[in-house]
Amino acid sequence: MSTQIPSHIGNNSSSEYSESEHDPTDERWDDWEEEAQQDLKCLFCNDLFTLANDLFNHCSQQHGFDFQKIRTELRFDFYQCIRLINYIRQQVLNNSELDKITSYTVQNIQSVINDDVYLKPVLEDDPLLYAFDYVEDDDDEFDKVIDNNIFEMKSRDQSIEVNPTTPLEHELLKKLRLAEERLFNTEARFKTIESQFNEYRNMVKNSFLDVYSDIKSERPTGSLKMTSTYEERTNYYFNSYAKNDIHEEMLKDRVRTESYRDFIYENKDLFKNKIVLDVGCGTGILSMFAAKAGASRVFSVEKSDIIERTKEIVKENQLDDIITLINGKIEEVDLPVKKVDIIISEWMGYFLFFEAMLDSVIVARDKWLASDGILAPSHCRLLLSAIEDEELFNDTLNFWNDVYGFKMTAMKSPIKTSAIIEYVEPQAIITNVVSIKEVPTYTIRKFRLDFTSSFTLISTRNGHIHGFLGYFDTWFTRDNHDIPLSQSIDDKVEEVSGFTTGPQGKVTHWRQTIFLLEHSIQVEQGTIINGTIDCKKSKENPRDLDFEIRYQVVNKDANPNDAKEYVQKFYLR
């Protein structure tokens, strides 16, 4: 499965930062006061701190950004501090290289601190937004608030009259009054900050959290990031599948839907009187295929709220006596049977592994699939090549070199690291295609889903390489056998079916994944590109992907040992 993201430019990194599943009745923000001991995440890197002052000292010493000094000198109020924190978090989200920065300056800071866009939290339940304390300064407005509070509190309690008679008593009374003053001062500051935070919390709930329930499910690239538990980080994912548009896109993907249908209908003997588990059933299309093919029982598991409509769909098609819908995560639900005969699931995401749904299928396989059971699909292959696409390169990167006569090269930063999901014409491929990951779903383990793979690409013509291209092929078999590397998706093999998401095949909603190079590579026919690609789940959100591609260009008759190594990092959010 995969959700929609913009074709060319991703704003995050991530997220993840990622959008959370927002419930207007969500009480998490109301619980902030009880979670004051939450670790505070550095504005730039992943270091955690207990105290805000320690965090800001770290930012100053390690990243060259003195938050306390800046807000004191510029006399920021509460909301301006909030905006600045969220702005920096968003910049780090857009550019992962900032986690190593040693000197940082906010350009146009006055514009930033007065832009209400940055009132939206970037990290959901970000404890730093309520943990920073006011520094001791000469803020006149704040002092007026304190003076008023002191006056009001003093006027309420005049019951104790002290008349000192000795110098020592005078000195002790003086110190007592000073301590009282400081106590009043602290209490007033606390009440003011508490009031401001409550106001901010309510504003966020009313202005941002409630809005999300009405947003159409387009996967945003600058969305809210989860920072506490795995469940919180991934709630946005299930929420995105509660809307109609993503299901409509997938169902209208005829390559996808008909490949599953044809495997099920052409192998009815496998499904007859069998118990089937559909992991992430969505609208229930695969479950209904299985029921029509003769399955005796189908258990359809779906976490998102789309399941309420799926219940109506199943009943409308008079299959509710066969299909049992279960609302929940596959890792947490219970089935009324010990084992199932077949597991079907459309788990594939962009670049195959985006959204990490295969992890859930593996959990279901290990827990419920019978020893002679079948997984559909049974094998996937992740492939890599290189492309020549000057139009894409110019539209995406070179466009910023001259915008109505002005240079805007700073806008390239997030683009350079964002993997692009786009359709590519077959003629754009300028090298051979190689496998970088074989995925036999019946045997693969979760720890092998993060991988590093070497590759060798050879240019098939003269031209320029503008990026690397990734896509995947998928096979269905009757016995879960592995597909040999020598077998391509175009080979006709008895009792084996499948489809490709590559440029040479029909268009699918997965499209292809493009890793656009910062600088194009001029090649001749026979030029060799040696490299490695590292793909792993994001630490911030395990449903997102982080990449590092290292490569060397070896021209004909050149010594490979003399080739320069290039390194480029990407993310898919």
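Quantities reported herein were computed from a predicted structural model and do not represent experimental measurements.

Draft legend 1. Spatial organisation of the nonpolar core. Core analysis: the largest hydrophobic core is formed by 89 residues, its most contacted members being Phe271, Leu277, Phe351, Phe455 and Phe468. Once residues lying within four places of it in the same chain are set aside, the contact partners of Phe351 are Leu382, Ile436, Phe451, Gly470, Thr513, Phe515, Ile533, Cys535, Leu545, Phe547 and Leu572.

Draft legend 2. Structural view of the sheet that holds strand β16 (residues 545-554). Strands sit in the order β11-β15-β16-β17 across an open sheet of 4 strands; the sheet is antiparallel. A single partner strand is all that each edge strand has here, and the edge strands are β11 (451-458) and β17 (565-572). The mean inter-strand angle of the sheet, taken between neighbouring strand axes irrespective of direction, is 20 degrees.

Draft legend 3. Highlighting helix α14 (residues 357-368). Here α14 spans 17 Å end to end across 12 residues, near enough to the 16 Å set by a 1.5 Å rise per residue. With 9 of 12 residues buried, α14 is to be regarded as a mostly interior element. Along α14, the positions that sit buried rather than exposed are Met357, Leu358, Asp359, Ser360, Val361, Ile362, Ala364, Arg365 and Trp368.

Draft legend 4. Here's a closer look at the UniProt feature "domain: C2H2-type" (unreviewed entry) in the protein. Here, UniProt's "domain: C2H2-type" (unreviewed entry) annotation points to residues 42-63. The straight-line gap between the two end C-alpha atoms of residues 42-63 is 10 Å; of that span, 55% is helix and 9% is strand.

Draft legend 5. The environment of Phe354, seen in detail. As for its placement among the helices and strands, Phe354 is situated in the loop between β6 (340-344) and α14. Along the sequence, Phe354 and Pro542 sit 188 residues apart, while their C-alpha atoms lie 9.1 Å from each other.

Draft legend 6. View of the side chain of Asp546. With respect to the element layout, Asp546 can be found in strand β16. In terms of polar contacts, Asp546 uses its side chain to reach the side chain of Arg573, at 2.7 Å. When neighbours within four sequence positions are excluded, Asp546 is seen to be in contact with Asp534, Cys535, Lys536, Ser538, Lys539, Phe570, Tyr571 and Arg573.

Draft legend 7. Here's a closer look at the environment of Ala376. Of note, Ala376 is situated in strand β7 (residues 369-376). A relative accessible area of 3% places Ala376 in the buried class. Considering only alpha carbons, one finds Ala376 and Phe476, 100 residues apart in sequence, at a separation of 5.9 Å. Not counting residues within four places of it along the chain, the set of residues in contact with Ala376 comprises Tyr260, Phe263, Ile343, Ile344, Ser345 and Phe476.

Draft legend 8. How the structure looks around unusual backbone geometry. Cis rather than trans, the peptide bond between Ala376 and Pro377 has omega equal to 5 degrees. Tracing the backbone shows Pro377 in the loop between β7 and β8 (379-387). Even without glycine at this site, Arg75 takes up a positive phi of about 55 degrees. Residues other than glycine seldom take positive phi values, yet Leu352 does so here, at roughly 70 degrees. The topology assignment puts Leu352 in the loop between β6 and α14. Residue Leu352 is classed as buried on the basis of its relative accessible area, which comes to 1%.

Draft legend 9. Molecular detail of the state of the cysteines. Under the counting rule described, the total for this entry stands at 0 disulfides. For Cys59, which is in no disulfide, the shortest distance to another cysteine sulfur is to Cys42 and amounts to 3.9 Å. Residue classification places Cys59 among the buried positions, given a relative accessible area of 0%.

Draft legend 10. Inspection of the pattern of salt bridges at higher detail. In total, this model carries 22 salt bridges according to the counting rule given. Between Arg256 and Glu346 there is a salt bridge whose closest N-O contact spans 2.7 Å. Linking Arg256 in helix α10 (residues 254-265) with Glu346 in the loop between β6 and α14, this pair joins segments that are 90 residues apart in sequence. With a relative accessible area of 1%, Glu346 lands in the buried category. The shortest N-O distance in the salt bridge between Lys416 and Glu518 comes to 3.2 Å. On the criterion of sequence distance, the pair formed by Lys416 in helix α16 (residues 413-417) and Glu518 in strand β14 (residues 512-523) is long-range, its members being 102 residues apart. Residues joined in a network through salt bridges with shared partners are Asp269, Arg478 and Glu495.

Draft legend 11. Structural view of the packing of aromatic side chains. Applying the stated criterion to the full structure yields 22 aromatic pairs. Where Tyr87 meets Tyr118, the ring centres are 5.1 Å apart and the plane angle is 90 degrees; that geometry is what we call edge-to-face. One end of the pair, Tyr87, is in helix α3 (residues 78-94); the other, Tyr118, is in the loop between α4 (109-113) and α5 (128-131), and 31 residues separate them in sequence. Classification of Tyr87 as buried rests on a relative accessible area of 11%. Since its relative accessible area comes to 19%, Tyr118 is described here as buried. On the basis of an interplanar angle of 80 degrees and a centroid distance of 5.0 Å, the ring pair of Tyr260 and Phe476 is categorised as edge-to-face. With Tyr260 in helix α10 and Phe476 in strand β12 (residues 463-477), the pair connects residues that are 216 residues apart, well separated along the chain. Its relative accessible area of 0% is what places Phe476 among the buried residues. Here the aromatic residues Tyr260, Phe263, Phe271 and Phe476 are joined through ring pairs into a cluster of three or more.

Rules behind the numbers
- Residues numbered from 1 in each chain as written.
- Predicted model: local features only at pLDDT ≥ 70, side-chain atom pairs only at ≥ 80, totals over all residues.
- Heavy atoms only, no water.
- Core = buried A, V, L, I, M, F, W, Y, C linked by side-chain atoms within 4.5 Å.
- Buried < 20%, exposed > 50% of the residue type's maximum accessible area, 1.4 Å probe, protein only.
- Contact = heavy atoms within 4.5 Å.
- Pairing = 2+ DSSP bridges.
- Helix = DSSP H or I, 4+ residues; strand = E, 2+ residues; numbered from the N terminus.
- Axes fitted to C-alpha atoms, helices over the stretch in contact; angles between N-to-C directions.
- Expected span 1.5 Å × (residues − 1).
- UniProt positions renumbered as here; feature names shortened; annotations may be inferred.
- Polar contact = N/O pair within 3.5 Å; in protein donor to acceptor, adjacent residues only side chain to side chain.
- Disulfide = S-S within 2.5 Å.
- Salt bridge = Lys/Arg side-chain N within 4 Å of Asp/Glu carboxyl O.
- Phe/Tyr/Trp six-rings, centres within 6.5 Å; stacked < 30°, edge-to-face > 60°.

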